[in-house]
Structures are given as structure tokens and as C-alpha cells.
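# Structural overview
Chain by chain, the residues:
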Amino acid sequence: MLCISCFIVALFLALCAVPATAAPQCTAGTIVSVATGTTGRTTAMHRPLSAVPNRPLPLVLLLHGSGGTGAALLRNSRLGDSADRHGFLVVAPDAGIVHEQGYVWNIPGVPTVAGTVPGPDAPDDVAFLGAMIDRLVRAGCVDRARVYVTGLSGGGRMTSWLGCVAAGRFAAIAPVVGLRAGNPLASDPRRPDPATCHPARPVPVIAFAGDADTTNPIAGGGASYWSYSMHAAEQRWATINGCTAPPTTRRVAATVYEERYTGCRGGADVVGRITVGGGHRWVVDNDALWTFLSAHRR
């Protein structure tokens, strides 16, 4: 069976649960949107032009920001271009809670951008994403050892949350303008609460942000779900990963500098890349993102 065929099986039989004859053809290099089971959600997917037949692909989950959709972020991030160059599958699902013209992710106990905490009946996005990964792996489309997740803003916070509560599924995570390390501590919101993020294994982290972001400021503040700084989040992840070397800072481009924690258990470095003058947007060098992610296996 060719890889394109296994891709069809994964997307339309496992995810959509409809007969194969009802599934449209999926061509390498295109964006395909499919209904996801009976959830009412859609999922945008990009299969790389460079995919090798009969070989499971690395997977990058791409999580949209609050009020957005997976298809829009897949287009706007241009991550599909990097997927074509490097040979990984991009899957960009919609979140489960409707908000304005799009959707928001359910991070338990944390208010959404609407200011409300999702109730017990809200969709379980951690379970949803886990089931999606499992179906793609069972179909032979995805290499379970090379599953990664990235996301923008609210999707970055969801990416961070997956690192906290589902570390066993991901080889590395890459939040964009949304790095967190658990909920703000109730007694001191300037610090993350260790009790709300204690992954079962070290998690390699690369985070991207802009120093002119006024929505999720790297210095902290802003909405109640933000509060503590990006640096506090980096330091907490470095503690979680048992990093022993002092952090280093270096310039990696004319307007980008990098903060890195090394000497971590299992090689799980923690990296923050800051774009000078960058705002609340996809401030990512996609090839650098892939270089970091692809260095890790689960």
C-alpha cells in the first residue's frame, strides 16, 4: 500500500469513520480539510511532496490560536512549505469550543479569551488529540516516536499544557507566543504553580515570542491565564527537565536572540527564541523549529 493510500485510510476511515468510496482523493502537497468523526470539527492536513511510500512520517500537530481555525493557521504559518522540504506531516485540527468565528482550546481550570473557565461538559481536547495521534499511528501514516506539537497563542498555551499532562505522546514541543509551565500560582501569579505541571518525563522545549507582544507579554502581566513571564516559564521547564548548565544567550539572526538551558536529562534542552520588535503573531523560523524538533525521539 502506498503512503498516500495509508494517509487516506487514516484521515477518512479512522478519523471520519465513513466508507472509503466516499472519501475524496488526497494529493501530496495540498491542504485537505476533513470532518473528524461525529465531533463536528474539521482538521486541515498537509502531506509533504517528499513523502516516501510505505514509510511512516514524523507528525507535527499545529494548534491554532483562540478564535482561529486549523486551516487558517496552516496557510498563514506556511509550515507546509517546511513540511515539503523536510518530509513531515502537518495536522491542524480545530479546537472543541466555539468562539466568535473560530474555536478555543480547553485547558482545564484556565479561563479562555472569553474570560470563562470551561465547564465539566466542555470537549476534552487532550483526549481528542491523543485519539487522533493513535489513529494515524495505527493506520501506518505516522511514526509514534516522532510526534511533535506546536501552536500559536492559545494554541501555544495548549501546546504547553500537552507537555505538562501528555509528555509521553510527544518527542518535543514548540509553543509560539504562548509558552506556559502550568497555571499561575494562586498566592503569587508571577510564578507558575509546580503542582499544575509535572510531566512524567523530560520534555524538550523550543518557544518563540516577540518582545513587542502586548497580548501575551514576555515580561508577564496581561490576562489572568498569562500573569508570569516567559522567562519564568523557561526556568520552570529547565527545573522540570533537570537542566544543570547556566543559561546562555546568543544572537541567532539580526533581530532574533536565543536563550538556552542545557545539561538537561535526556538531552531535553529548553530554548526561547525572541524576535526583537516582534508582535503577537507567528514569529517563527520554520526550518529552525523543525531542526530542533527533529533532533528528538520519544
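Quick caveat, the model's predicted, so the values are computed rather than measured. (Residues numbered from 1 in each chain as written. Predicted model: local features only at pLDDT ≥ 70, side-chain atom pairs only at ≥ 80, totals over all residues. Heavy atoms only, no water.)

## Quick notes on the overall build of the chain
- Assigned secondary structure in the chain consists of seven helices and 14 strands.
- Across the 298 residues of the chain, 57% fall into the buried class.
- For the chain, contacts bridging at least 24 residues in sequence account for 66% of all contacts bridging at least 6. (Helix = DSSP H or I, 4+ residues; strand = E, 2+ residues; numbered from the N terminus. Buried < 20%, exposed > 50% of the residue type's maximum accessible area, 1.4 Å probe, protein only. Contact = heavy atoms within 4.5 Å.)

## Some thoughts on the nonpolar core
- In this structure, Leu59, Leu61, Phe170 and Trp237 are the most contacted members of the largest nonpolar core, which totals 53 residues.
- Apart from the residues lying within four places of it in its own chain, the contact partners of leucine 61 are Val91, Leu129, Met132, Ile133, Tyr148, Val149, Thr150 and Phe170.
- Leu79, Ala92, Ala174 and Val284 belong to the second-largest nonpolar core, a separate cluster that totals 28 residues. (Core = buried A, V, L, I, M, F, W, Y, C linked by side-chain atoms within 4.5 Å.)

## Considering the side chain of aspartate 269
- By secondary structure assignment, the location of aspartate 269 is in the loop between strand E13 (256–261) and strand E14 (270–275).
- Among the residues examined, aspartate 269 registers a relative accessible area of 16% and is labelled buried.
- A distance of 3.2 Å separates the side chain of aspartate 269 from the side chain of arginine 260, its partner in a polar contact.
- Setting aside its immediate chain neighbours within four residues, aspartate 269 contacts Pro204, Val205, Asn241, Arg260, Tyr261, Thr262, Gly263, Cys264 and Phe292. (Polar contact = N/O pair within 3.5 Å; in protein donor to acceptor, adjacent residues only side chain to side chain.)

## A closer look at the pattern of salt bridges
- For the coordinates displayed, the defined rule picks out 11 salt bridges.
- The salt bridge involving arginine 169 is made with aspartate 134; its shortest N-O contact spans 2.8 Å. Of the two residues, arginine 169 sits in the loop between helix H5 (154–165) and strand E8 (172–176) while aspartate 134 sits in helix H4 (residues 125–138), which places them 35 residues apart along the sequence.
- Across the salt bridge formed by arginine 190 and aspartate 188, the nearest N and O atoms sit 3.0 Å from each other.
- Its relative accessible area of 65% is what places arginine 190 among the exposed residues.
- Residues joined by salt bridges that share partners form a network here, namely Arg250, Glu258, Arg260, Asp269 and Arg273. (Salt bridge = Lys/Arg side-chain N within 4 Å of Asp/Glu carboxyl O.)

## What about empty space enclosed by the protein?
- Under the defined criterion, the tally for this structure stands at three cavities of 30 Å³ or more.
- The computed volume of the largest cavity comes to approximately 100 Å³.
- Taken together, Ile107, Val110, Arg157, Ser160, Trp161, Arg180, Gly182, Asn183, Pro184 and Tyr225 make up the lining of the largest cavity.
- Its boundaries defined by the atoms lining it, the second largest cavity holds a volume of some 70 Å³. (1 Å grid on protein atoms, 1.4 Å probe; cavity = no way out; pocket = protein on both sides within 12 Å on 5 of 7 lines; lining within 4 Å. Points joined across faces, edges and corners; volume = space filled by probe spheres on them.)

## A word on the state of the cysteines
- Enumeration according to the criterion identifies two disulfides in this entry.
- In this model cysteine 164 forms its disulfide with cysteine 197; the gap between the sulfur atoms is 2.1 Å. One quick way to see it: the torsion about the S-S bond of cysteine 164 and cysteine 197 is about -90°, and its sign makes the bridge left-handed. You can see cysteine 164 sitting in helix H5 and its partner cysteine 197 sitting in the loop between strand E10 (188–192) and strand E11 (205–210), a full 33 residues away along the chain. Summarising the burial analysis for this pair, cysteine 164 and cysteine 197 share the class buried.
- Disulfide pairing is shown between cysteine 243 and cysteine 264; the S-S distance is 2.0 Å. The sign of the S-S torsion, about 105°, decides the handedness of the disulfide formed by cysteine 243 and cysteine 264: right-handed. Note that cysteine 243 is positioned in the loop between helix H6 (230–240) and strand E12 (248–253) and cysteine 264 in the loop between E13 and E14, a separation of 21 residues in sequence. (Disulfide = S-S within 2.5 Å.)

## Considering helix H2 (residues 70–77)
- Along H2, the positions that sit buried rather than exposed are Gly70, Ala71, Leu73, Leu74 and Ser77. The buried side chains of H2 occupy one side of the element, clustering within an arc of 165° when seen end-on. In this structure, H2 carries Arg75 and Asn76 as exposed residues pointing more than 90 degrees from its buried face.
- Downstream of H2 by a residue or two, arginine 78 has a phi angle that is positive, lying close to 60°. (Arc of directions from axis to C-beta.)

## Some remarks on H6
- For H6, a buried count of eight out of 11 residues is recorded, marking the element as mostly surrounded by other parts of the structure.
- The set of residues buried in H6 consists of Met230, Ala232, Ala233, Glu234, Arg236, Trp237, Ala238 and Ile240.
- Check the buried side of H6 and you find it contacts H5, E8, E10, E11, E13 and E14.
- Phi for glycine 242, located one or two positions after H6, is positive at around 65°.

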